[in-house]
Amino acid sequence: MSAFAAALVVATPVSAQQLDNPAEAFGSREAVRSIALSPSGNRVVYLGPGPGEETRAYVADVGASRSQIVTLTDGDPMELDWCRFVSEDRVVCQIYAMVQDPHQIYPVTRLFAVDDDGSDARTLGQRDNMYRNNRQFDGSIIDWLPDEEGVVMMTRVYVPEQYRGATRVVDDDEGLGVVRIDTVDGDFNRIERPIWQNVRFLSDGHGTVRMRATISVRGATGMAGANRNYYYRLPDSNAWRNFGTYNGLENTGFLPVAIDRDLNAVYGFERHNGRDAVFRVTLNETLDRELVYAHPEVDVSRLVRIGRERRVIGVGYSEDENVVEYFDPEYRALHRALVSALPGNPQVTFLDASDDENRLLVRAGAATSPGRYYVFDKTAQSLNEILLARPELENVALAEVLPVRYPATDGTMIPAYLTLPPGSDGRNLPAIVMPHGGPESRTTLGFDWLPQFFAHQGYAVLQPNFRGSYGYGDQWLVENGFRSWETAIGDVNDGARWLISEGIANADQIAGVGWSYGGYAVLQSGVLEPGLLRAIVAVAPVTDLPALRQDAMAFSNGRNVAEYIGSGPHLTAGSPARHADRITAPVLLFHGDQDINVDIGQGRRMHDRLNDAGRVSELIVFEGLDHGLRDSDARTRMLERSDSFLREALGL
């Protein structure tokens, strides 16, 4: 064990804190969202919530007790998304908003740089003028250029100018290009000319663009196709060569993610024995490839990268717990030492590093620990706690989360997580089945404020990774949770029956709670087996599949969404709003009116159809909020009303 591990002592609370308002404590937005180290590792920049929808960017010296506000947004409509240092005293931030025109709601993003005292703000996107229509996006940072202080390489979205009258001087650049830009004075050099079909560029982390991708187009419709065609460059060459095609709809081909300059290779994902695996392809004339890591049972879900160079140090996947396999032996040993030094917080993640990688930004947490942030100094062998993810829950007794398996009707064992109230014996409890969103997502073992709130209120919570979930390979995905809804919803319902058969839940006190696809799942559960769930809470739910397909047509990827959902009898059969008369349980719906993931019309349609059928339904609309309902007051209200609704419906 290292010296710091042996010396570190973590305090244990003497007694658990009692909450005056559990809904407010669990519903409050996380105190830290997006955090990064400065090049020296002596400072951090992070986002935290202000009152209402306000989000603030703070800069603080490591070890200092105070933070200073750099900039903020009020959420009406712009909201800070992330910030990162571009030099020791200057940061780059992205803001986003949901903008509504007479026809639709759509997202807008902007990039800007600002000094750490809030001065000298400068936008980084294409300069606006009266002759061009507003662009939707600025672009994205593809290389932080750590050797060039205050300079970044970014993709830039170009929108052509409209007619200027008699002059022929019109800027007709259109599409995605690449620039190297000084964030202080705004001077830039164009690195890659814009082409309207460009959708992505990859740099080697040292200022050289090595790959690009173009999107396929669906004939005369002009809508995006599912294929991305990738091109690459040989070292010291500007000529583009064909690399290959990745199909995002079918998940076929190689998906490039990160380029290693020293190896002259690109890391990425490709299917291997029916699961996502990490491969490395050398960017030479023959594109030599090798399998880097594959798991025999689950998908490899991410590359683990560090620092402003975004160096690859490992891969991550989820079994019952989240696992990282480190390629770098130093990080492998350091991870083991930190886990040992931080008992009760086994999920240790390296978030960022100083440019010399002597100082590391670390997050530690667990299913029963919302998360703590540290800066580790390799030279001093010191570990300095700097921030809490959720200070409102400090010293609060949180619920244990247990990985479980239960049998589906056909005998397939369904993986799930069971959260039991603190101090409970796990018997004869009111219970909630809580399927995840997606559907091609999955629940992982870690802190989750939603089931933790309900467990705190006395409910057992089961979160199934039903068939249609990501992470378990092609066979588990089936067609997907919409096309194969009967399998997915059957697995959800089998989870409810398992809770009853095991004596965990009372048959007349079991409910369904879900968000997005999870909301769809609990509503469709009420259609498939009326009365199994005695109450239903659905947040931003899909309720009508034909309408979902139609809503998607307002966006450039609409045809891809339509193909994903499919066509045929399952559209009507799998739409709970079209079978509202079969749902016997009372229903509580929540929806933000700026939701572009699932249009609020889906929630309103469900509410109206339930009322038409004479069923009990309540719809609460949050004005100005999108799919994530990222507002502490809104989340508090949602939790309070959900708890009182369930208690009344279940007779508690």
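Residues numbered from 1 in each chain as written. Predicted model: local features only at pLDDT ≥ 70, side-chain atom pairs only at ≥ 80, totals over all residues. Heavy atoms only, no water.

**Looking at the overall build of the chain**
And step 1. The helix and strand inventory of the chain stands at 12 helices and 35 strands.
And step 2. Compactness check: the chain gives a C-alpha radius of gyration of 25 Å against a globular reference of 26 Å for 652 residues, within 12% of the reference.
And step 3. Expressed along its principal axes, the backbone C-alpha trace of the chain runs to roughly 70 × 65 × 50 Å.
And step 4. Counting across all 652 residues of the chain, residues that qualify as buried make up 55%.
And step 5. Here the chain displays about 27,100 Å² of accessible surface, and carbon together with sulfur accounts for 45% of that area. (Helix = DSSP H or I, 4+ residues; strand = E, 2+ residues; numbered from the N terminus. Rg over C-alpha atoms; globule rule 2.2 N^0.38 Å. Buried < 20%, exposed > 50% of the residue type's maximum accessible area, 1.4 Å probe, protein only. Areas by Shrake-Rupley, 256 points an atom, 1.4 Å probe, with all protein chains shown as cover.)

**A look at the state of the cysteines**
And step 1. Scanning all chains against the criterion turns up one disulfide.
And step 2. Each sulfur in the disulfide pair Cys83 and Cys93 lies 2.1 Å from the other. In this structure, the disulfide formed by Cys83 and Cys93 twists by about 110° around the S-S bond and is classed as right-handed. Of this pair, Cys83 sits in strand E5 (residues 79-87) while Cys93 sits in strand E6 (residues 90-100), and the two are 10 residues apart along the sequence. When sorted by exposure, Cys83 lands in the same class as Cys93, which is buried. (Disulfide = S-S within 2.5 Å.)

**So, helix H11 (residues 600-612)**
And step 1. An ideal rise of 1.5 Å per residue puts 18 Å on 13 residues; H11 measures up with 18 Å between its terminal C-alpha atoms.
And step 2. For H11, every residue scored as buried is listed here: Ile600, Gln602, Gly603, Met606, His607 and Leu610. In a view along the axis of H11, the buried residues occupy a sector of 165°, so they form one face of it.
And step 3. Residues of H11 that are buried make contact with helix H7 (517-528), helix H8 (545-552), strand E34 (587-592) and strand E35 (617-622).
And step 4. Of the residues one or two after H11, Gly614 is the one with positive phi, at around 80°. (Expected span 1.5 Å × (residues − 1). Arc of directions from axis to C-beta. Contact = heavy atoms within 4.5 Å.)

**Points about the packing of helix H6 (residues 485-501) against H7**
And step 1. Relative to each other, H6 and H7 sit at 85°, their axes nearing to 9 Å. If you check the angle between H6 and H7, you find them roughly perpendicular. Of the residues in H7, those in contact with Trp485, Ala488, Ile489, Gly490 and Asn493 of H6 are Tyr517, Tyr520, Ala521, Gln524, Ser525 and Leu528. (Axes fitted to C-alpha atoms, helices over the stretch in contact; angles between N-to-C directions. Parallel < 35°, antiparallel > 145°, perpendicular 65-115°, else oblique.)

**Remarks on the packing of aromatic side chains**
And step 1. Taken as a whole and assessed by the stated rule, the structure comprises 18 aromatic pairs.
And step 2. Ring geometry for Trp449 and Trp515: centres 6.1 Å apart, planes at 85°, overall edge-to-face. Here Trp449 is found in helix H4 (residues 449-456), whereas its partner Trp515 is found in strand E32 (residues 505-515), with 66 residues between them in sequence.
And step 3. Ring pairs connect the aromatic residues Phe26, Phe453, Phe454 and Tyr459, which therefore count as one cluster.
And step 4. One residue, Arg84, lies across the ring of Trp144, its end atom 5.7 Å from the ring centre. (Phe/Tyr/Trp six-rings, centres within 6.5 Å; stacked < 30°, edge-to-face > 60°. Lys NZ or Arg CZ within 6 Å of the ring centre and 35° of its normal.)

**So, the sheet that holds strand E17 (residues 255-260)**
And step 1. What the four strands build is an open sheet, ordered E17-E18-E19-E20; its pairing is antiparallel. Each edge of the open sheet carries a strand with a single partner, namely E17 and strand E20 (289-293). Put simply, the sheet's adjacent strands are angled 35° from each other on average, direction ignored.
And step 2. Direction of pairing for E17 relative to strand E18 (residues 265-272): antiparallel, over a ladder of five bridges. Within E18, the residue paired with Leu255 across the bridge is Phe269. (Pairing = 2+ DSSP bridges.)

**Topic: helix H3 (residues 329-341)**
Owing to its 3.6 residues per turn, the α-helix aligns residues three or four sequence positions apart on the same side.
And step 1. With 13 residues, H3 extends 18 Å from end C-alpha to end C-alpha; this agrees with the ideal 18 Å at 1.5 Å per step.
And step 2. Buried residues of H3: Tyr331, Leu334, His335, Ala337, Leu338 and Ala341, and no others.
And step 3. Capping of H3 at its N-terminal end is provided by Asp328; its side-chain oxygen lies 2.9 Å from the backbone amide nitrogen of Glu330. (Polar contact = N/O pair within 3.5 Å; in protein donor to acceptor, adjacent residues only side chain to side chain.)

**Thoughts on unusual backbone geometry**
And step 1. Note the cis peptide between Asp76 and Pro77, where omega equals 0°.
And step 2. Looking at the secondary structure, you find Pro77 in the loop between strand E4 (68-73) and E5.
And step 3. In the segment running from Gly438 into Pro439, the intervening peptide bond is cis, with an omega of 5°.
And step 4. As for its position among the elements, Pro439 is in the loop between strand E30 (429-433) and H4.
And step 5. In this structure, Val478 is a non-glycine residue whose phi angle is positive, near 45°.
And step 6. Relative to the assigned elements, Val478 resides in the loop between helix H5 (474-477) and H6.

**Notes on the confidence of the model for the chain**
And step 1. Mean pLDDT for the chain: 91, with 95% of residues reaching 70 or above.
And step 2. Below pLDDT 50 for its whole length, residues 1-15 participates in 23 contacts with residues either more than four positions away or in separate chains. (pLDDT = per-residue confidence, 0-100.)

**Here we look at the side chain of Thr109**
And step 1. With respect to the helices, strands and loops of the structure, Thr109 is situated in strand E7 (residues 105-115).
And step 2. Exposure remark for Thr109: the relative accessible area of 13% places this residue in the buried category.
And step 3. Not counting residues within four places of it along the chain, the set of residues in contact with Thr109 comprises Gln94, Ile95, Tyr96, Gln136, Phe137 and Asp138.

**Concerning the side chain of Gln452**
And step 1. Tracing the sequence through the fold places Gln452 in helix H4.
And step 2. We classify Gln452 as buried; its relative accessible area is 3%.
And step 3. Not counting the four nearest positions on each side in its chain, Gln452 is found in contact with Phe26, Ala367, Leu398, Ala399, Val401 and Phe447.

**Remarks on the pattern of salt bridges**
Where charged atoms from two side chains of opposite charge come close, those side chains can pair.
And step 1. Counted according to the given criterion, the structure contains 36 salt bridges.
And step 2. One salt bridge connects Arg289 with Glu270, and the closest N-O pair in it is separated by 2.1 Å. Here Arg289 is found in strand E20, whereas its partner Glu270 is found in strand E18, with 19 residues between them in sequence.
And step 3. Note that Lys378 is salt-bridged to Glu330, the shortest N-O span being 3.1 Å. On the criterion of sequence distance, the pair formed by Lys378 in the loop between strand E26 (369-377) and strand E27 (382-388) and Glu330 in helix H3 is long-range, its members being 48 residues apart. (Salt bridge = Lys/Arg side-chain N within 4 Å of Asp/Glu carboxyl O.)

**With respect to the sheet that holds strand E24 (residues 347-353)**
And step 1. The four strands are arranged E24-E25-E26-E27 in an open sheet whose pairing can be described as antiparallel. Strand pairing shows two members of the sheet lacking a second neighbour, E24 and E27, which therefore form its edges. The average undirected angle you get between the axes of adjacent strands in this sheet is 30°.
And step 2. H3 rests against E24, strand E25 (359-366), E26 and E27 of the sheet, and its axis sits at about 130° to E24.

**A look at a negative patch on the surface**
And step 1. Residues Glu297, Glu319, Glu321 and Glu325 make up a contiguous surface patch of negative charge.
And step 2. Within the element layout of this structure, Glu319 appears in the loop between strand E22 (311-318) and strand E23 (322-326).
And step 3. The exposure class of Glu319 is partly exposed, given its relative accessible area of 32%. (Patch = residues over 30% accessible without salt bridge, like charges linked within 9 Å, V, L, I, M, F, W, Y side chains within 5 Å. Lys, Arg positive; Asp, Glu negative; His and termini not counted. Charge placed at Lys NZ, Arg CZ, Asp CG, Glu CD.)

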